[in-house]
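Examining the three-dimensional arrangement
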Amino acid sequence: MRIVQVSLGHRSYAIKVGSGLLPRLGAECAQLKLGQRCAVVTDSNVGRHFARAALKSLSASGFEPVLITVPAGEKSKRLAVVEKCYDQLAAHRLERKSFIVALGGGVVGDLAGFVAATYLRGIPFVQVPTTLLAQVDSSVGGKTGVNLHAGKNLVGAFYQPRLVLADLDTFKTLPKREFVSGLAEVIKYGIIYDAVLFAQLERNLPKLLQRDAPTLRAVVARCCEIKADVVGQDETESGLRAILNFGHTIGHAIENSSGYGKFLHGEAISIGQVAAARLSQKLLGLSSRDVERIGKLFVQAGLPVKLKLNPARRKKLFAAMQLDKKVSGGEIKFVLAEKLGKVVWGQKVLPAVIEEVLAGLP
Ligand SMILES: NC(=O)c1ccc[n+]([C@@H]2O[C@H](COP(=O)([O-])OP(=O)(O)OC[C@H]3O[C@@H](n4cnc5c(N)ncnc54)[C@H](O)[C@@H]3O)[C@@H](O)[C@H]2O)c1
Ligand SMILES: [Zn+2]
């Protein structure tokens, strides 16, 4: 097992990464000195595979867990579902020292985290992330929340978990497309922060794709370390945290303009990162060798790097980019790379230049 310590003063906590962790959930929670009653929030897919193990482990350590299962999918990240969770917490008489376990991917983590942040003005919560994206990204950093009809993640709170248990065994049932999508965030950490990690990924990608546990343990732990490091320096997103958005300006626009669901998040930001690398070459002199390595790694991972754009789709994509909060005075702000492992944020790019880069995508 690897332990990554997230240092946020009195809200510091540990991220434990390894195999066989779910059966130890109860024992781990016992160490946190929490109340007896708790709720395990999960979704219909994850619950089928792992709810029993979670409940058994909690009961064996003397806790009284109630299971709350929400439908799988982004649609569960909404206020109506939050309210249903509150009602079940109240029915099970959870009180201030009681806690919530978020067992699932980013949807469950964001939803259950928000419920924990607001029920009784905040009760403790523990994350058990079960997708690669959730282990390396959404479970770290303390952002919780739900969507509104008007847009994604518009209601939320910064709220830190007491513990994150990243059990690599849960990947055994994760669909391949979801796993590969998570790799796009993994590769991102190499590009924005750690050229050594990037080179390791180039060497170990086949092992990662086979979900080899020791390789995954090292990589997941390093990604958590990087995110924790960035978030620790900028918890509320006033500066440095922006670098985590590498590839996301175009990526979000792709997700938006193609209708949510066509591309998984990782697929969209894979295309976005390759485009951002080309912008970096044009504007910051990122070497053609680095641009090539970046493109190649995403391709090897099995992620898309191109987008066919007819004039109508291009127009929709640009409209979506203009709506993004990173626009000021007609120029769109990007995170761009100077070299592998080193990026700068707030780089203003004119739409015409983005157009050129996207047009270069065959
Ligand atoms: N809070 C943050 O900082 C942050 C960061 C990035 C993303 N997010 C959010 O995360 C969400 C996406 O997370 P996600 O990609 O994990 O999606 P998800 O939670 O919807 O999980 C993807 C799919 O895989 C299934 N699944 C999960 N784990 C499984 C397992 N081990 N075995 C079998 N099936 C499994 C789920 O039921 C779902 O169908 C989005 O809502 C996004 O906004 C939040
Ligand atoms: Zn992302």
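Summary of the structure given here. Note that the coordinates shown come from a computational prediction; the quantities given were computed from them, not determined experimentally.

Bringing the site of ligand 1 into the picture now. Around ligand 1, the structure places 25 residues, and the nearest of them are Asp43, Glu74, Gly106, Thr131 and Thr173. At 2.9 Å, a side-chain N or O of Lys77 approaches an oxygen atom of ligand 1. The fraction of the free accessible surface of ligand 1 (850 Å²) that becomes covered by protein chains is 86%. Sorting the residues of the shell around ligand 1 by element identifies helix H2 (44–60), helix H4 (106–118), helix H5 (132–138) and strand S8 (151–158) as the ones contributing at least two each. Split by residue class, the shell around ligand 1 holds seven nonpolar, nine polar and nine charged.

On to the coordination of the zinc ion (ligand 2). Donor atoms from the polypeptide that coordinate the zinc ion (ligand 2) comprise Glu185 (OE), His248 (NE2) and His265 (NE2), at 1.9 to 2.1 Å from the metal. Along the chain, the residues donating to the zinc ion (ligand 2) are arranged with the sequence spacing E-x62-H-x16-H. Of this pair, Glu185 sits in helix H6 (residues 176–193) while His265 sits in helix H10 (residues 265–284), and the two are 80 residues apart along the sequence. Take Glu185: its relative accessible area is 0%, and that puts it in the buried class. By relative accessible area, His265 is classed as partly exposed at 22%.

Turning our attention to the environment of Val70. Of note, Val70 is situated in strand S4 (residues 64–70). Judged by its relative accessible area of 5%, Val70 is buried. Note: C-alpha distance between Val70 and Cys85 (15 residues apart in sequence) is 8.8 Å. Non-local contacts of Val70, meaning those with residues more than four positions away in its chain, are made with Thr42, Asp43, Ser44, Ser76, Val81, Cys85 and Leu111.

If you look at the biggest cluster of nonpolar residues, it comprises 56 residues, and the most contacted ones within it are Ile15 and Phe298. Those residues in contact with Phe298, other than ones at most four positions away along the chain, are Ala184, Ile187, Ile191, Ser270, Gln273, Val274, Leu303 and Val305.

We now examine the pattern of salt bridges. Note that side chains of opposite charge can pair when their charged atoms are close. Under the definition given, this model contains 17 salt bridges. Glu64 is paired through a salt bridge with Arg37; the nearest N and O atoms lie 3.7 Å apart. Pair noted here: Glu64 is in strand S4 and Arg37 is in strand S3 (residues 37–43), with a separation of 27 residues, a long-range link. Salt bridges here are not isolated pairs; linked through shared partners, they connect Arg2, Asp194, Arg222 and Glu225.

Packing of H6 against helix H8 (residues 213–233) leaves a shortest axis separation of 10 Å and a crossing angle of 55 degrees. Relative to H8, the element H6 is oriented oblique. As for the relative orientation of H6 and H8, their crossing is left-handed in sense. Contacts between H6 and H8 involve Phe179, Val186, Tyr189 and Tyr193 from the first element and Leu216, Val219, Arg222, Cys223, Ile226, Lys227, Asp229, Val230 and Gln233 from the second.

Basis of the calculations
- Residues numbered from 1 in each chain as written.
- Chains lettered and ligands numbered in written order.
- Predicted model: local features only at pLDDT ≥ 70, side-chain atom pairs only at ≥ 80, totals over all residues.
- Heavy atoms only, no water.
- Near = heavy atom within 4 Å.
- Polar contact = N/O pair within 3.5 Å; in protein donor to acceptor, adjacent residues only side chain to side chain.
- Areas by Shrake-Rupley, 256 points an atom, 1.4 Å probe, with all protein chains shown as cover.
- Helix = DSSP H or I, 4+ residues; strand = E, 2+ residues; numbered from the N terminus.
- Nonpolar A, V, L, I, M, F, W, Y, C, P; charged D, E, K, R; others polar.
- Donors = N, O, S within 2.8 Å, 3.2 Å for Na, K, Ca; no water.
- Buried < 20%, exposed > 50% of the residue type's maximum accessible area, 1.4 Å probe, protein only.
- Contact = heavy atoms within 4.5 Å.
- Core = buried A, V, L, I, M, F, W, Y, C linked by side-chain atoms within 4.5 Å.
- Salt bridge = Lys/Arg side-chain N within 4 Å of Asp/Glu carboxyl O.
- Axes fitted to C-alpha atoms, helices over the stretch in contact; angles between N-to-C directions.
- Parallel < 35°, antiparallel > 145°, perpendicular 65-115°, else oblique.
- Left-handed = near helix turned anticlockwise from the far one by under 90°.

Honestly, it's all geometry; don't read function into it.
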